[in-house]
Amino acid sequence: MRTTSPILLALLLALLAGPARAAELPGGHVLLREGVSDDGRIVAAFAPPGPDRCWTVRLFERERTRWTAVAEAAGPPKPRRAECSPVVGVLAGNGRTVALYSPWEAQIVVFDRDGRTLREAGRFELPAKPAKPFPPPGQTLAIARDGNAILVGAPHHACVIAVPEDVCGVAFLFVRQGRIWKLDLRYPRPDGASPTDRFGRTVALSGNGKVAVVGGPGSWGRAGRLWVYERAPDGGWDLLSALDSPSPGDLEFGGEVAIDDAGDTIAVAAEQKVVLFRRQGDDWLRARELGSADPLIGTFGGAVALSGTGRLLVVGAPRSSCPQNRTGSRCGAVRLFELRPAGAGLSVGEPTALEPVVWLPLADFGWRVATDAAGRLVAVQGKLAHLYDR
């Protein structure tokens, strides 16, 4: 009678105990901020830096348990005497449209998949150039599920000299009309905003393109803040609500944000926690605060993602210490939370941990996370881009 070895049995039990690791993208690839399609079949990532081009973006398609590169687009040639400008990228839920934003050049380029290539489908600029190269690019780009609306944050635009720091920040919404991209709305700093709010440093757009979130983390001892806008029946946009931190001095609040497809649930990263807001009519109520009591977990909320259904929250903690049986620091960590509506609030299940196959120091596992509409595929960036099936 054939018996199963203890090692093989342990591996099988580990696979059955939690989410199975699907695959890893080739070494050096870095996930786009919203890098997973709604159906979980397409993943978008920047390729490793090459000798001649500033960037190359690739689409990978699932073939059972393997991921194969199926389309790509190359960026401009590298300048001889200067560095390439930083670029922020997002993938639309349709899995076909990619938008790239160069904040210093104030330019957005849009690509649509055409067979095995990414064909340029639009190139446009913000109405003005940045006033100064600060702060660095962050979550300053978002795209609707159908790829026809793009929200751009410009925290370094529209600056006014002030003390203790210059007052800056604006956001722009562009919509596709046929083959043309047009400016649909300019979001100025709202009345009542603090001079230290980094408006436009963080943006998010619901999958249906009807709810926009604009704001940013805090500075000079004041907490960050976010504002929620909704498209009105007449086609205009209404400012619905401001989302405030439960801690007045929480500078990290608003540094990362995620919203579901319907625009009903918003997850906001804060200092060592994630704050969940739930829509009630035209208002947004603070539903839950999630953290971790594990002393090894650091920068909990360093990255956040919500599934399109709003039922799965993915939280990255990239500066977490390595497990106690490993040496080194900043191995990173990721936690998954199942969410369920519960009256005016949310019911949150016990967290599930995702782990890389090999723990590596300085990997910052979880510094970027993404998931599909149903929360079945979870993408996690560390030293490698990890893909997990649930």
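Note that the structure is predicted; figures quoted are calculated from it, not measured.

Attention now goes to the sheet that holds strand β13 (residues 180-187). In a beta sheet, neighbouring strands are held together by backbone hydrogen bonds and run either parallel or antiparallel to one another. Taken in spatial order, the four strands make up an open sheet running β10-β11-β12-β13, and their pairing is antiparallel. Both edges of this open sheet fall to β10 (141-143) and β13, since each of them pairs with a single strand only. Each strand of the sheet is rotated relative to its neighbour by a mean of 20°, with strand direction disregarded. One ladder, built from seven bridges, connects strand β12 (residues 170-177) with β13; its direction is antiparallel. Counted as the bridge partner of L173 is L185 from β13.

Together, V357, V358 and L360 make up a nonpolar patch on the protein surface, roughly 260 Å² of accessible area in all. With respect to the element layout, V358 can be found in the loop between β26 (352-354) and β27 (368-371).

So, on to the environment of Y101. Following the sequence through the fold, Y101 ends up in strand β7 (residues 97-102). There is a polar contact of 3.2 Å between the side chain of Y101 and the backbone oxygen of G153.

The next subject is the sheet that holds strand β14 (residues 202-205). Strand order in the open sheet formed by four strands is β14-β15-β16-β17, with antiparallel pairing between adjacent strands. Looking along the sheet, the strands with just one partner apiece sit at the ends: β14 and β17 (237-244). Looking at each pair of strands side by side, their axes are set apart by 20° on average, direction ignored. As judged from the four bridges shared by β14 and strand β15 (residues 211-216), these two strands associate in the antiparallel manner. Across the sheet, residue A204 finds its bridge partner in β15, namely V213.

With that settled, the discussion passes to the state of the cysteines. For the coordinates displayed, the defined rule picks out two disulfides. The residue that forms a disulfide with C54 is C84, at a sulfur-sulfur distance of 2.1 Å. Between C54 and C84, the S-S torsion sits near -80°, and that sign places the bridge as left-handed. With C54 in the loop between β3 (42-46) and β4 (56-63) and C84 in the loop between β5 (66-74) and β6 (88-91), the pair connects residues that are 30 residues apart, well separated along the chain. Here C322 connects covalently by a disulfide to C331, the sulfurs 2.0 Å from one another. Measuring handedness by torsion sign, the sulfur bridge of C322 and C331 sits at about 85° and is right-handed. We classify C331 as buried; its relative accessible area is 1%.

What counts as what
Residues numbered from 1 in each chain as written. Predicted model: local features only at pLDDT ≥ 70, side-chain atom pairs only at ≥ 80, totals over all residues. Heavy atoms only, no water. Pairing = 2+ DSSP bridges. Helix = DSSP H or I, 4+ residues; strand = E, 2+ residues; numbered from the N terminus. Axes fitted to C-alpha atoms, helices over the stretch in contact; angles between N-to-C directions. Patch = residues over 30% accessible without salt bridge, like charges linked within 9 Å, V, L, I, M, F, W, Y side chains within 5 Å. Areas by Shrake-Rupley, 256 points an atom, 1.4 Å probe, with all protein chains shown as cover. Salt bridge = Lys/Arg side-chain N within 4 Å of Asp/Glu carboxyl O. Polar contact = N/O pair within 3.5 Å; in protein donor to acceptor, adjacent residues only side chain to side chain. Disulfide = S-S within 2.5 Å. Buried < 20%, exposed > 50% of the residue type's maximum accessible area, 1.4 Å probe, protein only.

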